[in-house]
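Okay, here's what each chain looks like letter by letter:
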Amino acid sequence: MVVTQAARRRYRSIVDDSGRWDEFAFRPGDIVISTPPKSGTTWMQMLCALLIFDGPEFPAPLAELSPWLDLCTRSLAAVTAALAAQTHRRFIKTHTPLDGLPLHAEVTYVVVGRDPRDVAISFEHHLANIDFERFLSLRAAAVGNEDLAAPLALRVPDSDPVARIPIFVADNRPPPTPPTLASVLHHLDTGWQRRGERNVVLFHYADLQADLAGELLRLARVLGIPCSPERAGELAAEASLSRMRERAAEVVPDATQGMWKDVRAFFRGGGTGEWRGRLAAADLAAYEARVAELAAPDLAAWAHGGWLASGVDPDR
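Conventions we followed
Residues numbered from 1 in each chain as written. Predicted model: local features only at pLDDT ≥ 70, side-chain atom pairs only at ≥ 80, totals over all residues. Heavy atoms only, no water. Helix = DSSP H or I, 4+ residues; strand = E, 2+ residues; numbered from the N terminus. Buried < 20%, exposed > 50% of the residue type's maximum accessible area, 1.4 Å probe, protein only. Polar contact = N/O pair within 3.5 Å; in protein donor to acceptor, adjacent residues only side chain to side chain. Contact = heavy atoms within 4.5 Å. Phe/Tyr/Trp six-rings, centres within 6.5 Å; stacked < 30°, edge-to-face > 60°. Axes fitted to C-alpha atoms, helices over the stretch in contact; angles between N-to-C directions. Left-handed = near helix turned anticlockwise from the far one by under 90°. Nonpolar A, V, L, I, M, F, W, Y, C, P; charged D, E, K, R; others polar.

Some words on the side chain of Asn-199
Here's step 1: On the secondary structure map, Asn-199 appears in the loop between helix H7 (181–192) and strand E4 (200–204).
Here's step 2: What makes Asn-199 buried here is its relative accessible area of 7%.
Here's step 3: Polar side-chain contacts of Asn-199 include one of 3.0 Å to the backbone oxygen of His-104.
Here's step 4: In contact with Asn-199, not counting residues within four places along its chain, are His-104, Ala-105, Val-107, Thr-108 and Tyr-109.

Below, the structure is given as structure tokens:
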């Protein structure tokens, strides 16, 4: 059953196209992992895989098991055929907000949030690790590059990612764009507005850092997968940053396509609060004022700290 929703919004960029979801045949039990970029997407995919396969041994690389359906570097026919051939419970990645996705009552939508300031910093490092020429080559083979303006060049990543946060805050371009404060909070709000629905659940990067085993156990309950607290602790150890870095060739998105200069660099050692003590008081004030414009207080509190730190429980 399709959940009643307003007309879907189409999100389309050089990287991805939410219109590709129109060609996907859902099954009851499917899991859609919907996150802003650099918000713990691969982490959540790993947790789902560990639960679905009851351990760290997977039948294929994570990006094949859980493809980014919207991504324009693989043909849609190839991606949907691969998903149709899967016999295990399917879990699909997207950076499309819920207002751009088909919503089905029998599908679980997992939305993951992260402090937007950390998103901004992480994206700059992510940008620096992309082999842009390889990306364009893959895109040309999959969907063609005739729609792109020429000449096209990747924006040069800022040498100091923190210095770019004021631009991230002030950017008013509508999505899809590289992540901005407005786009991140909009994405999270599409989940927040549906958080009372039984098939929409919110997780937060900070909560995963604070209590990975506990959040994995909560995910198991949401997905209806039996898992004891003891087993959750064992599985959580396989989803640590160091363990995923060791398995980078297996778990980094599209590692086999050669899009990254260094697959291990995909999992950085920073991650949280690198901006603290480095943003000017005026920039922090501008940030807080912009957040107040864009998000309700409860959403803003959760988006920046998760429920364990903020006390704002997204399940209520």
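Quick word on the environment of Lys-261
Here's step 1: If you trace the backbone, Lys-261 turns up in the loop between helix H12 (248–251) and helix H13 (281–294).
Here's step 2: Since its relative accessible area comes to 60%, Lys-261 is described here as exposed.
Here's step 3: Here the alpha-carbon distance between Lys-261 and Ala-128, two residues 133 residues apart in the chain, equals 8.6 Å.
Here's step 4: Contact partners of Lys-261, with chain neighbours within four places excluded, come to Ala-128, Asn-129, Ile-130 and Asp-131.
Here's step 5: Polar side-chain contacts of Lys-261 include one of 3.0 Å to the backbone oxygen of Ala-128.

Let's talk about the packing of aromatic side chains
Here's step 1: Taken as a whole, this structure holds 8 aromatic pairs when the rule is applied.
Here's step 2: A centroid spacing of 5.8 Å and a plane angle of 45° characterise the contact between Phe-53 and Phe-58, whose relative ring orientation is tilted.
Here's step 3: Residue classification places Phe-58 among the buried positions, given a relative accessible area of 15%.
Here's step 4: Where Phe-132 meets Phe-135, the ring centres are 6.1 Å apart and the plane angle is 15°; that geometry is what we call stacked. Here Phe-132 and its partner Phe-135 are both found in helix H5 (residues 132–142), 3 residues apart, which amounts to about one turn of the helix. Like Phe-132, the residue Phe-135 is buried in the burial classification.
Here's step 5: By the ring-pair criterion, three or more aromatic residues cluster together here, those being Trp-21, Phe-24 and Phe-26.

Brief notes about the environment of Ala-7
Here's step 1: You can see Ala-7 is positioned in the segment before strand E1 (31–34).
Here's step 2: Looking at Ala-7, the relative accessible area reads 75%, which means it is exposed.
Here's step 3: When the C-alpha positions of Ala-7 and Gly-100 are compared, they lie 8.6 Å apart, and in sequence the two are 93 residues distant.

Overview of the packing of helix H9 (residues 212–223) against helix H10 (residues 229–237)
Here's step 1: Relative orientation of the contacting elements H9 and H10 amounts to 115°, with a least axis distance of 8 Å. As for the relative orientation of H9 and H10, their crossing is right-handed in sense. Here Leu-212, Ala-213, Leu-216 and Leu-217 of H9 lie close against H10, whose contacting residues are Pro-229, Ala-232, Gly-233, Leu-235 and Ala-236.
Here's step 2: Residue composition of the contact of H9 with H10, by class: 8 nonpolar, 1 polar and no charged.

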